[in-house]
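As a plain string of letters, each chain reads:
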Amino acid sequence: MGLLTAAAAVALIPLARTWGLQWGASEDELDTGLAGDDVVPVPSLVATRAITIDAPAERVWPWLVQLGQGRGGFYSYDWLENLLGLEIHSANRIEDRWQGLAPGDEVHLAKSAALAVTIVDPPRALVLTAPDASFSWAFTLHPGRDRSTRLVVRERYARPRWWAVPVNEIVGSVSTVMSRRMLIGIRDRAEKAVR
């Protein structure tokens, strides 16, 4: 029985990985090109996740612009991020002081780790990029029905050296958990603000 359970768990790993990398995204969203895809043109790992938000893009955008450590946080599991000493505190309201963001600015993941702002196209796209262009993180807003919005988030990881492949897989797994919660956090905050 134990061997059968272990075999079933191993067999489910690829399904769980695919589910995590594509959480909430439709086939069209998985296949379509998004802003920032050209930053990492030949990725070794791509994650595209999405959620529907019952608010227009103009009301979702301010939550995206204030992302970052020392800013509005990441609307995810702050307690988990803070176990690592990241000092993340997710905002529950829009703050004017965090609404200015331009290409070339930095969005910190931690005090000593930042991504560069590559694209700011309100209220459609915000793209963040690693300094060596090995990673891109795109947040795109797409109008839906009845003034709803689809938030589609894509991570693209460049082909690493052979020794970094397991690291990318681990980062991708952690990202699944944190990104899912982030999408839900953004949705809940934007919908509450609209109500």
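Reference entry: report on the structure contained in this document.

What counts, and at which threshold
Residues numbered from 1 in each chain as written. Predicted model: local features only at pLDDT ≥ 70, side-chain atom pairs only at ≥ 80, totals over all residues. Heavy atoms only, no water. Helix = DSSP H or I, 4+ residues; strand = E, 2+ residues; numbered from the N terminus. Buried < 20%, exposed > 50% of the residue type's maximum accessible area, 1.4 Å probe, protein only. Contact = heavy atoms within 4.5 Å. Areas by Shrake-Rupley, 256 points an atom, 1.4 Å probe, with all protein chains shown as cover. Polar contact = N/O pair within 3.5 Å; in protein donor to acceptor, adjacent residues only side chain to side chain.

Within the protein chain one finds five helices and six strands. Each helix and strand of the protein chain, ordered N terminal to C terminal, gives the series α-α-β-α-α-β-β-β-β-β-α. Counting over 195 residues, the protein chain shows a buried share of 45%. For the protein chain, long-range pairs separated by at least 24 residues make up 62% of all intrachain contacts whose partners lie at least 6 apart in sequence. For the protein chain, the exposed surface amounts to about 10,700 Å²; the carbon and sulfur share of it is 59%.

Structurally, the position occupied by P131 is in the loop between β4 (125-129) and β5 (135-143). Expressed as a C-alpha distance, the spacing of P131 and E106, which sit 25 residues apart in the sequence, is 9.9 Å.

This brings us to the side chain of S179. Mapped onto the elements of the fold, S179 is located in helix α5 (residues 165-194). Residue S179 is classed as buried on the basis of its relative accessible area of 5%. A distance of 3.2 Å separates polar atoms of two side chains, one belonging to S179 and the other to E155. Among residues more than four places away in sequence, those in contact with S179 are R49 and E155.

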